[in-house]
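Listed here are the chains, written in short residue letters.
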Amino acid sequence: MADPRRILILLAHPVLERSRVNRRLADAVKDLPGVTVHDLYEAYPSMNIDVKREQALLLEHDVVVLQHPFYWYSAPAIIKEWLDLVLEHGWAYGQHGKALAGKLALNVISTGGPDFAYRPDGFNRFTMRQLLAPFDQTFHLCQMKYLAPFVVHAAMRVETDEDIKPHVRAYAALLASLRDGTLDLNQAMAAQRLNDGAFTPQPAGNA
Amino acid sequence: MSDSILFQALIYLAAAVLCVPVAKRLGLGSVLGYLLAGVIIGPDVLGLVGNAGHVMHFAEFGVVMMLFLVGLELKPSTVWQLRRPIFGLGGMQVAGTAALVTGAGLALGFSWQVALAVGMVLAMSSTAIVLQSLGEKGLLKTEGGQASFSVLLFQDLSVIPILAVFPLLAAGAAVVGAPAQGARPGWLQGLLILGAVGLIVVAGRTVVRPLFRFLAGTRLREVFTAFALFLVVSIAWLMQQVGLSPALGTFLAGVVLAESEYRHELESDIEPFKGLLLGLFFISVGAEIDFHLIAEAPLRIAGLLVGVIALKAVSMLGFSRIFKLDRPARWLVSVGLSQVGEFAFVLISFGQASAVFGDEVAKPLVAVVALSMLVTPALFVLLERVILPRVTAGAAKREHDAVAHDDAQVVVAGFGRVGQVVARMLRMSGFGVTVLDLDPEMVDLLRRLGQKVYYGDASRLDLLVSAGCEKAKLFVLCIDEPDKSMEVAELVRRHFPKLPILARARNRQHYIRLWTLGIRDIIRETMGSSLELSEHALRNLGVRAHTAHRIANRWRAHDEKALLDMMKFVGGPDRNAFFAEARKAMENFEKTMREELQGTTGQPDKGWDNESLRNEANARFAAVQAQAAKASESSTTTSTT
Ligand SMILES: Cc1cc2nc3c(=O)[nH]c(=O)nc-3n(C[C@H](O)[C@H](O)[C@H](O)COP(=O)(O)O)c2cc1C
């Protein structure tokens, strides 16, 4: 058996103090063995990203998780800044940029819209995987394995710890399987998303 | 017992250790401390030391070392730059003073030979005292300091021809050869001098450096020190052999080595020796003073003393005026060089030996010379505390540096805590920066740290011009004192209307004054740090870093807006209207901030807020649910029917 993978969670939420989903998700996994939660907005309040430090962190880990709310079908600004500055040519990509080759990457996302909205016939018109194509290709260019996202849909419906519990459990389980290498990577790359039993509003029969 | 070397050393050292710190504490400078120490241990007070003459001889070497160090601090280019004050002003001072004294001597009924000899003696000033004092007070690099230095250098140079002339003045004596040089014919002498000087220059450039490198490689500090001493001593000896002043020779050597990488090591190696020997020299001057003679004819001696000092000072005021020194510089050279110096002792004893004059002239002369040196530190205190502040515009105590380069893109005025950061950041970003500052200690300190800073009052037009204001792209005004800052701002606005000014404002009044002058780029000096402090306070209280940062940013923006709102009414005819508007702007600001921070009009950064979205989504969900419920109700009804 290979060594357990080390997981770096890049948490990006500009007002985490007002978050319902992401705060709970992060709290739930931050103490898991092999997991480092790196709170970007806390580390760089003025978005002055320390590239050297970020690159060192990347090298120390095997899995990169971008955890953030879905904002305008993408990520909060600091993620973009992070990608722009940290994934340097000649380091992360390009002829001599192999620093990240072989590592895994995925998005962990909360969205306001319910899952059925992210369908060709839903009002968001595209699937999550389609909308995440820029991330997919970014990590692909860095020769990383981009896995399907873990998505918490209908985040607005989350009011209590109880509401989030299934997601927290699923998230922790996902991280554990990533860490321990029990996840089938080929399947994970091909899947629509990595959580099942996502919290979606059931129009009928709700207790 | 009292003659043993140890005992002598004990007395000298004890006197120095006791007197010098006290004198310094009293603000009198170390030179006066040494002189007083000499008086106290001298034959007329405690009588602990006998004839100090032989000590003096030895101690004169301190002067030699001092000139070596002075040379080390000067680059050849600087000496070249100073050629005008050296030969012009220096020459005029020596010749003029000698002529004036000769006239006075003739009037007092002395023969012209004696009068001329005394004139040349009294033309000398004390290199040791003046340079030491100027150095201590940080005045050496100023215009007046440079002029003083130049004149002293010329005096040292002129000792050689004076020594040659003395024997010719001797009553009837034709062949009392000056030591060392009399025996050789003139052309040979000239050749020897050229050779010796050439040797110093060439050896300084070629042999000495590799030798230093080799010695430094051994890592034996004392060997390095020994070599430094050897260098100075050997040059002094060589100079003596060819009949040049040793001080001059070592000075030259210093200049040659000024650009070597071992300059600082040399400096720190020689420095303590120089200090001690000079101290010893001053002590022996103090001990030399014949108080019996003074007691016998106090009025005569006092009159002579005052006469000599007044004559030297007043004539120098005139000379320096001819050479267009500015006012503070004129006073500095004139009062500073008004004493008679250590070379006078040399010349007096030589004059006696050559039978130019006898004891009846020599004895009071020695007393006057020694007393003039004794009062010099007091004159410096007078100069520094009373004269210079009067003759200098503003409170500057010091002359202004000649600003060397005028290709600066940015001129920064004020190199305090603010200016330093600004200047360094600009410099490191590749901009040419000239910095002007008025605090001599700060300038010296920063210079020593390798910063390019010029001592100068930025409120002087000529200095602004030489700092490059005509070509500069930006003037950054970092002076903290509002009045001074305004003075400079006005000057720059008036004379360089196209030069943009970026100003640091000390407080709101200062801000308004700058604004009134038409300056718009004004930074309040405490704004940045108060915001940062608040931001960190918020973080310490558990507010998220990014949120705290945004609060501070918003604060800054609103505060700035309030200030600008206020500024619209600055300078209007109605002062009350201004205050009314100012109050309104403040109130607006506070209201906005309070509302934002306390969430009365919704949270700031509304874009990140999903409350309204949530309400809408949940309402829609409830509607969907209700519809579903109705549908299921109707379906149950149908099934029952
Ligand atoms: C600026 C902004 C943009 C958003 N854009 C989207 C979006 O494009 N699609 C979507 O489903 N939800 C969107 N939402 C809703 C957020 O995804 C949702 O509020 C968030 O996932 C809740 O997570 P949290 O409780 O951790 O803040 C947006 C919310 C904000 C504030």
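Residues numbered from 1 in each chain as written. Chains lettered and ligands numbered in written order. Predicted model: local features only at pLDDT ≥ 70, side-chain atom pairs only at ≥ 80, totals over all residues. Heavy atoms only, no water.

1. Brief notes about the overall build of chain B
So, step 1. Along its length, chain B carries 28 helices and six strands.
So, step 2. When the 641 residues of chain B are sorted by exposure, 48% land in the buried category.
So, step 3. Within chain B, contacts between residues at least 6 apart in sequence are counted, and of these 74% link residues at least 24 apart.
So, step 4. For chain B, the computed accessible surface area is about 31100 Å², with 64% contributed by carbon and sulfur atoms. (Helix = DSSP H or I, 4+ residues; strand = E, 2+ residues; numbered from the N terminus. Buried < 20%, exposed > 50% of the residue type's maximum accessible area, 1.4 Å probe, protein only. Contact = heavy atoms within 4.5 Å. Areas by Shrake-Rupley, 256 points an atom, 1.4 Å probe, with all protein chains shown as cover.)

2. Considering the site of the ligand
So, step 1. Taken together, 20 residues sit near the ligand, with A:Ser19, A:Arg20, A:Ser110, A:Tyr118 and B:Asn610 positioned nearest.
So, step 2. Of the chains in the model, those with residues near the ligand are chains A and B.
So, step 3. At 2.7 Å from an oxygen atom of the ligand is found a side-chain nitrogen or oxygen belonging to A:Asn22.
So, step 4. A distance of 2.7 Å is found between an oxygen atom of the ligand and a backbone nitrogen or oxygen belonging to A:Phe70.
So, step 5. Considering the ligand on its own, with 630 Å² of exposed area, one finds that the protein chains cover 91% of that surface.
So, step 6. Partitioned by chemical class, the residues of the shell around the ligand number 10 nonpolar, nine polar and one charged. (Near = heavy atom within 4 Å. Polar contact = N/O pair within 3.5 Å; in protein donor to acceptor, adjacent residues only side chain to side chain. Nonpolar A, V, L, I, M, F, W, Y, C, P; charged D, E, K, R; others polar.)

3. Considerations on a nonpolar patch on the surface
So, step 1. There is a patch of nonpolar side chains on the surface, built from B:Leu36, B:Ile40, B:Val45 and B:Leu46 and spanning about 330 Å² of accessible area.
So, step 2. Its place among the elements puts B:Leu36 in helix H2 (residues 30-41). (Patch = residues over 30% accessible without salt bridge, like charges linked within 9 Å, V, L, I, M, F, W, Y side chains within 5 Å. Salt bridge = Lys/Arg side-chain N within 4 Å of Asp/Glu carboxyl O.)

4. Let's talk about the packing of aromatic side chains
Residue and element names in this part refer to chain A.
So, step 1. Overall, the coordinates contain 12 aromatic pairs over all chains when judged by the stated rule.
So, step 2. Geometrically, the ring pair formed by Tyr73 and Tyr118 is edge-to-face, given 6.5 Å between the ring centres and 65° between the ring planes. Taken together, the residues Tyr73 in the loop between strand E3 (63-69) and helix H4 (77-86) and Tyr118 in the loop between strand E4 (104-110) and helix H5 (128-131) connect sequence positions 45 residues apart.
So, step 3. Judged by its relative accessible area of 37%, Tyr73 falls in the partly exposed class.
So, step 4. An aromatic cluster of at least three residues, connected via ring pairs, comprises Phe70, Tyr73 and Tyr118. (Phe/Tyr/Trp six-rings, centres within 6.5 Å; stacked < 30°, edge-to-face > 60°.)

5. Digging into unusual backbone geometry
So, step 1. A positive phi angle is found at A:Arg125, which is not glycine, with a value near 65°.
So, step 2. With respect to the secondary-structure elements, A:Arg125 resides in the loop between E4 and H5.

6. Structural notes on the packing of helix H12 (residues 221-242) of chain B against helix H13 (residues 246-257) of chain B
Residue and element names in this part refer to chain B.
So, step 1. It is at 8 Å that the axes of H12 and H13 come closest, and there the two elements cross at 130°. With respect to H13, the element H12 is oriented oblique. Like other packed secondary-structure pairs, H12 and H13 cross with a definite hand, here right-handed. In contact with Leu231, Val232, Ile235, Ala236, Met239 and Gln240 of H12, H13 contributes Pro246, Gly249, Thr250, Ala253 and Leu257.
So, step 2. Among the residues making up the contact of H12 with H13, the classes are represented as eight nonpolar, three polar and no charged. (Axes fitted to C-alpha atoms, helices over the stretch in contact; angles between N-to-C directions. Parallel < 35°, antiparallel > 145°, perpendicular 65-115°, else oblique. Left-handed = near helix turned anticlockwise from the far one by under 90°.)

7. Quick word on the environment of A:Arg5
Residue and element names in this part refer to chain A.
So, step 1. One can find Arg5 in the segment before strand E1 (7-11).
So, step 2. Excluding residues within four positions of it along the chain, Arg5 makes contact with Gly34, Asp62, Val63, Leu104, Leu178, Arg179, Gly181 and Leu185.
So, step 3. Here Leu178 takes part through its backbone oxygen, which lies 2.7 Å from a polar atom of the side chain of Arg5.

8. Examining the side chain of B:Asp437
So, step 1. Inspection of the secondary structure puts B:Asp437 in strand E2 (residues 433-437).
So, step 2. Within the local environment of B:Asp437, its side chain forms a polar contact with the backbone nitrogen of B:Phe415, the two atoms lying 2.5 Å apart.

9. Digging into helix H14 (residues 263-288) of chain B
So, step 1. Under the 1.5 Å per step criterion, the end-to-end length of H14(B) is 36 Å for 26 residues, consistent within 8% with the ideal 38 Å.
So, step 2. Most pronounced at B:Ile270, the bend in H14(B) amounts to some 30°, and the proline B:Pro272 follows within four residues. (Expected span 1.5 Å × (residues − 1). Bend = angle between axes of the 7 residues up to and from the residue.)

10. Observations concerning the interface of chain B and chain A
So, step 1. Each partner contributes to the interface: chain B provides 22 residues, whereas chain A provides 25 residues.
So, step 2. Linking chain B with chain A are three salt bridges, by the criterion used here.
So, step 3. A salt bridge links A:Glu17 to B:Arg544; its shortest N-O distance comes to 3.9 Å.
So, step 4. Of all the secondary structure elements, the ones that give two or more residues to the side of chain B that touches chain A are helix H26 (545-567) and helix H28 (611-640) of chain B.
So, step 5. The element that contributes the greatest number of residues to the side of chain B that touches chain A is H28(B), accounting for 10 residues.

11. Considerations on the side chain of B:Gln146
All names here are of chain B.
So, step 1. Mapped onto the secondary structure, Gln146 falls in helix H9 (residues 143-169).
So, step 2. Gln146 gets classed as buried once you look at its relative accessible area, which sits at 18%.
So, step 3. Each residue touching Gln146, except ones within four places of it in the same chain, is listed here: Leu82, Leu140 and Lys141.

12. Here we look at the sheet that holds strand E4 (residues 474-477) of chain B
Residue and element names in this part refer to chain B.
So, step 1. Spatially, E3-E2-E1-E4-E5-E6 is the arrangement adopted by the six strands of the open sheet, whose pairing is parallel. The sheet is open, and its two borders are formed by strand E3 (453-455) and strand E6 (521-524), each paired with just one other strand. Within the sheet, the average angular offset between the axes of one strand and its neighbour, ignoring direction, is 20°.
So, step 2. Two elements, strand E1 (residues 410-413) and E4, share four bridges in a ladder whose sense is parallel. Across the sheet, Val412 pairs through a bridge with Val476, a residue of E4. (Pairing = 2+ DSSP bridges.)

13. A short note on the packing of helix H11 (residues 208-218) of chain B against H12(B)
Residues and elements named next belong to chain B.
So, step 1. Here H11 crosses H12 at 155°, and the two axes come no closer than 9 Å. If you check the angle between H11 and H12, you find them roughly antiparallel. Between H11 and H12 lies a crossing of right-handed hand. Packed against H11, whose contacting residues are Val208, Leu211, Phe212, Leu215 and Ala216, the element H12 presents Val223, Phe224, Phe227 and Leu231 at the interface.
So, step 2. Of the residues assigned to the contact of H11 with H12, the class counts are nine nonpolar, no polar and no charged.

14. Here we look at the pattern of salt bridges
So, step 1. Throughout the structure, instances matching the rule amount to 24 salt bridges over all chains.
So, step 2. One salt bridge in this structure joins B:Asp565 and B:Lys568, with 3.3 Å as the shortest N-O distance.
So, step 3. Through salt bridges with shared partners, a single network forms among A:Glu17, A:Asp39, A:Glu42 and B:Arg544.

15. Examining the environment of B:Leu131
Residue and element names in this part refer to chain B.
So, step 1. Relative to the assigned elements, Leu131 resides in helix H8 (residues 127-137).
So, step 2. With relative accessibility at 6%, the residue Leu131 sits in the buried group.
So, step 3. Excluding residues within four positions of it along the chain, Leu131 makes contact with Met66, Val70, Leu140, Phe149 and Leu152.

16. A few points about the nonpolar core
All names here are of chain B.
So, step 1. With 134 residues, the main nonpolar core has Phe68, Leu122, Phe166, Phe212, Phe282 and Phe357 as its most contacted residues.
So, step 2. Considering every element that reaches this core, the biggest residue donor is helix H19 (residues 359-391), with 17 residues.
So, step 3. Setting aside residues no more than four positions away along its own chain, Phe282 makes contact with Val31, Tyr34, Leu35, Ala128 and Ile129. (Core = buried A, V, L, I, M, F, W, Y, C linked by side-chain atoms within 4.5 Å.)

17. Some thoughts on the confidence of the model for chain B
So, step 1. Considering every residue of chain B, the mean pLDDT works out to 82; 90% of them sit at 70 or more.
So, step 2. Complex prediction metrics read pTM 0.53 and ipTM 0.84. (pLDDT = per-residue confidence, 0-100.)

18. What to know about the pairing of E3(A)
All names here are of chain A.
So, step 1. Most of E3 is tucked away: seven of the seven residues are buried.
So, step 2. Burial along E3 is two-sided: Val63, Val65, Gln67 and Pro69 and Val64, Leu66 and His68, pointing in opposite directions, are all buried.
So, step 3. Across five bridges, E1 lies against E3 in parallel orientation. Within E3, the residue paired with Leu10 across the bridge is Leu66.
So, step 4. As defined by bridge partners, E3 adjoins E4 across seven bridges and the pair is classed as parallel. Residue pairing for E4: Val64 is matched across the bridge by Ala105.
So, step 5. Each parallel crossover has a hand, and for E3 linked through H4 to E4 it is right-handed. (Right-handed = clockwise from strand over helix to strand, strands pointing away.)

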